[in-house]
Amino acid sequence: MPEPGAGSSLAVPDLGAVVAQGAASPLPGGWMRGAFMQIYVRGYKDSDGDGKGDLKGLISQLDYLQDLGVQGLWLMPVTQSEDRDHGYAVKNYRNIETDYGSLSDMAQLLTQAHQRGMGVILDYVINHSSSQHPLFLNAASARLNPQRHYFVWQDTAPAGWSVWGQNPWYSSGNGYYYAPFWSGMPDFNWKNDQVKSFHHDNLRYWLNQGVDGFRFDAVGHLVENGPTAWESQPENHTIMGQVQDLLKSYDRRYMVCESPAAPQAFAAASSCGGAFAFDLKDPILRAARGDTTAIAAVSQYFRTAPAGMATFLANHDSFAGNRVWNQLSGNVAQYKMAAATYLLLPGTPFIYYGEEIGMANGAGLTGDWALRTPMSWTAQAAGFTSGVPFRALSANIASNHVQAQRGVDGSLHSFYKTMIGLRKRLPSLAQGDYSGAWAQGQAMGFQRSLGSERTMVLYNYGLNPQPVSLSGLAASSSWTAEYPVSTDVQVGSNGTLALTLPPQSVTVYRQRP
């Protein structure tokens, strides 16, 4: 029984110690350097006709993803949530959202993905929970509740706070709680060791099930030290470094963090070890349009950026931009140049579902919802569901869908498959170092090497042929054209090579032994 005045004591289904039971990973070493597909399960494939995607629907499309060359899946939140849509308002960290299926469906997904050589990472909401999570309901019920300090509280309304232009403090009737994203998503109090234990146990729960890692949401917001010190605090890196240590106690697991304000800091080995390159996506898109300043910036990025950066062009959040099709106004040539850039650079590339066919924003939708629409499998909604779709379809579904592009020469889908295939076939492109970067006008290039394999990647983002003169190559070396199928080249005895790059092109060479 709770003490007098201690409020409610609801049972907490995801609270309790979990002991590590790590088995050997069935995946090959380095699997996490292959291309990932970011999947919004609700919007991917419906198996039961209720108009919402589910895990069984995703399982039915694993062959498609394997054929594309994908080696990893990032599932946006699939645990039980208050919103039952985006999933970031978690109510139970150890169970599956009923719209998506069951724990047995998740086990089947893991088995089927692993049989195809694909890892599965879950979106883990480490910064906040739902206001309907039993922990918060208990905490909000009384100031003396034993679970009060799982969250951030003040007895009186704090002054001087503004997060993204809004007051992040909300009244519960028993004090004020901190919730910068939304009143329905209160922040955990990471200065309380109980919070660390809670999350570490939940992470072990999923790792014990065979999950291959996690994408961690909003890691820049874990600790607040005052009205002007609520983002990117030093303690955040210590917290995530300890999470990384936990994952390292399992075999071949992978983690990547979201921190738009400080991506490279979280990619450091002492922190997450991997983070999304929010500071690279826009330069890549500008480079694809022929912006010479952006081209030079892209060429130099990985000279200093940590090896753990995760590259991407767009994702599920509108603050990161519209879908690539909209950002590039449907210019397919520029779209291919952007894709070829991030898929062949160092790091781990993440493709947002539907990007490989040029899906546009949802028809008539705005904000995040415009980016989280049913996958365009065919020209009609029936490709996604036998029922009524939960949300409006992509605005260009009539022309840009899998059925129209798969296996078609020159299509976006075929181009993505080719670029991913290059990355898989040439290990230096997936895991090699980065050297010899240069930029000349609207052209740029670099080299990647791993062991005895050395590749050279060249881009011309311009609308005209671009003559380039390359120096510092191995004298008299021979290079085989890996993409496209074209003429091999021979470097001069002085280590120089003169080429003319075709307009809006990518060329890949491999040095002969």
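These numbers were taken from a predicted model, which means no experiment stands behind them. Along each chain, residue indices are assigned from 1 in the same order as the chain's sequence is written. Residues qualify for local features only when their pLDDT is at least 70, as the model is predicted, and side-chain atom pairs are given and counted only at 80 or more; totals for whole chains, interfaces and linings, by contrast, use all residues. As a rule here, side-chain values come from all non-hydrogen atoms in the structure, and water together with hydrogens is ignored.

1. Some points on the overall build of the protein chain
At step 1: Helix and strand counts for the protein chain stand at 14 helices and 21 strands.
At step 2: All radius of gyration figures rest on C-alpha atoms, and the globule criterion is 2.2 Å times the number of residues raised to 0.38. Taken over C-alpha atoms, the radius of gyration comes to 24 Å for the protein chain, in line with the 24 Å a tight globule of 513 residues would show.
At step 3: In terms of its C-alpha atoms, the protein chain occupies a principal-axis envelope of roughly 85 × 50 × 45 Å.
At step 4: For the protein chain, with 513 residues in total, the buried portion stands at 60%.
At step 5: By definition in these notes, contact holds between two residues if any of their heavy atoms fall within 4.5 Å. Taking the intrachain contacts of the protein chain between residues at least 6 apart in sequence as the baseline, contacts between residues at least 24 apart amount to 68%.
At step 6: Accessible areas in this description were obtained via Shrake-Rupley with a 1.4 Å probe; residue shielding takes into account the shown protein chains only. Accessible surface, the protein chain as shown: approximately 18,800 Å² in total, 49% of it carbon and sulfur.
At step 7: Working convention for charge: Lys and Arg count positive, Asp and Glu count negative, and His plus the chain ends are omitted. Every charge is mapped to an atom, namely NZ of Lys, CZ of Arg, CG of Asp or CD of Glu. Positive and negative charge centroids in the protein chain, built from 35 and 39 side chains respectively, lie 5 Å apart. Going along the chain from the N terminus, every DSSP run of H or I of four or more residues is numbered as a helix, and every run of E of two or more is numbered as a strand. Partly exposed describes any residue whose relative accessible area lies between the buried limit of under 20% and the exposed limit of over 50%, with all areas from a 1.4 Å probe on protein chains only and scaled to the type maximum.

2. Overview of the nonpolar core
Soluble globular proteins: nonpolar side chains tend toward being buried together.
At step 1: Among the nonpolar cores identified, the biggest contains 142 residues, and Leu-65, Leu-75, Phe-216 and Met-240 are the most heavily contacted of them.
At step 2: With 8 residues, helix H11 (residues 332-344) is the single largest residue contributor to this core.
At step 3: Other than its neighbours up to four places away in sequence, Leu-75 contacts Ile-39, Val-41, Leu-55, Leu-58, Met-106, Leu-109, Val-120, Ile-121, Leu-122 and Asp-123.
At step 4: What is meant by a nonpolar core is a set of buried Ala, Val, Leu, Ile, Met, Phe, Trp, Tyr and Cys residues, joined one to another through side-chain atoms within 4.5 Å. Leu-458, Trp-479, Val-489 and Leu-497 belong to the second-largest nonpolar core, a separate cluster that totals 15 residues.

3. A closer look at the sheet that holds strand E14 (residues 433-440)
At step 1: The rule for pairing is simple: two strands pair if DSSP sees at least two bridges between them. Spatially, E14-E15-E16-E21-E18-E19 is the arrangement adopted by the 6 strands of the open sheet, whose pairing is antiparallel. Of all strands in the sheet, those bounded by a partner on one side alone are E14 and strand E19 (489-490).
At step 2: Here strand E16 (residues 453-460) pairs with strand E21 (residues 505-511) via 6 bridges, running antiparallel. Its bridge partner lying in E21, Leu-458 is registered against Thr-507.
At step 3: Note on method: axes are straight lines fitted to C-alpha atoms, helices fitted across the in-contact stretch only, with angles between N-to-C directions ranging 0 to 180 degrees. Packing of helix H9 (residues 292-304) onto the sheet brings it into contact with E14 and strand E15 (443-450), and relative to E14 it is tilted by some 160 degrees.

4. Brief notes about the pattern of salt bridges
At step 1: Throughout this description, the term salt bridge denotes a Lys or Arg side-chain nitrogen within 4 Å of a carboxyl oxygen of Asp or Glu. Enumeration according to the criterion identifies 20 salt bridges in this entry.
At step 2: Of the charged contacts, one joins Asp-368 and Arg-372 as a salt bridge, the two residues approaching to 3.3 Å between their closest N and O atoms.
At step 3: The network of salt bridges with shared partners includes Arg-42, Lys-52, Arg-84, Asp-85, Glu-97, Asp-99 and Arg-391.

5. Focus on the state of the cysteines
At step 1: Note on disulfides: each one is a pair of cysteine sulfur atoms within 2.5 Å. Under the criterion given, the structure shown has 1 disulfide.
At step 2: Disulfide partner of Cys-257: Cys-272, at an S-S distance of 2.1 Å. In this structure the cystine formed by Cys-257 and Cys-272 twists about its S-S bond by roughly -90 degrees; its chirality is therefore left-handed. Of this pair, Cys-257 sits in strand E10 (residues 254-257) while Cys-272 sits in the loop between helix H7 (263-266) and strand E11 (275-276), and the two are 15 residues apart along the sequence.
At step 3: In this structure Cys-257 comes out as buried when scored by relative accessible area, which is 0%.
At step 4: The exposure class of Cys-272 is buried, given its relative accessible area of 1%.

6. Structural notes on H9
At step 1: Turning to H9, its buried residues number three or more, namely Ala-294, Ile-295, Val-298, Ser-299, Tyr-301 and Phe-302.
At step 2: Residues of H9 that are buried in the fold lie against H7, helix H8 (278-288), strand E12 (309-311), H11, E14 and E15.
At step 3: Of the residues flanking the start of H9, the one acting as N-cap is Asp-291, its side-chain oxygen 2.9 Å from the backbone nitrogen of Thr-293. N or O atoms closer than or at 3.5 Å make up a polar contact, with two conditions inside protein: a donor-capable atom paired with an acceptor-capable one, and, for residues adjacent in sequence, both atoms drawn from side chains.

7. Observations concerning the packing of H8 against H11
At step 1: Contact geometry for H8 and H11: axes closest at 8 Å, N-to-C directions at 135 degrees. Put simply, H8 runs oblique to H11. Here H8 and H11 pass one another in a crossing that is right-handed. Packed against H8, whose contacting residues are Ile-284, Leu-285 and Ala-288, the element H11 presents Gln-334, Met-337, Ala-338, Thr-341 and Tyr-342 at the interface.
At step 2: Under the scheme applied here, ten amino acids are nonpolar (Ala, Val, Leu, Ile, Met, Phe, Trp, Tyr, Cys and Pro), four are charged (Asp, Glu, Lys and Arg), and all others, including Gly, are polar. Along the lines of polarity and charge, the residues of the contact of H8 with H11 split into 6 nonpolar, 2 polar and no charged. Here roughly perpendicular refers to angles of 65 to 115 degrees, roughly parallel to angles under 35, roughly antiparallel to angles over 145, and oblique to all remaining angles. Here a crossing is called left-handed whenever its near helix is offset anticlockwise from the far helix by less than a right angle, and right-handed whenever the offset is clockwise.

8. Structural notes on the packing of aromatic side chains
At step 1: Side-chain rings of Phe, Tyr and Trp, where Trp is taken by its six-membered ring, are said to pair if the distance between their centres is within 6.5 Å; with planes under 30 degrees apart they count as stacked, over 60 as edge-to-face, and otherwise as tilted. Considering all chains together, one arrives at 43 aromatic pairs under this definition.
At step 2: Taken together through their ring pairs, the aromatic side chains of Tyr-93, Tyr-124, Phe-136, Tyr-150, Phe-151, Trp-153, Tyr-170, Tyr-177, Phe-188, Phe-198, Phe-214 and Phe-216 make up a single cluster.
At step 3: Note that Arg-148 overlies the ring of Trp-153, its terminal NZ or CZ placed 3.7 Å from the centroid.
At step 4: Counted as over-ring charges are cases with an Arg CZ or a Lys NZ within 6 Å of the ring centre that also lie within 35 degrees of the ring normal. Against the face of Tyr-353 rests Arg-323, its NZ or CZ located 4.8 Å from the ring centre.

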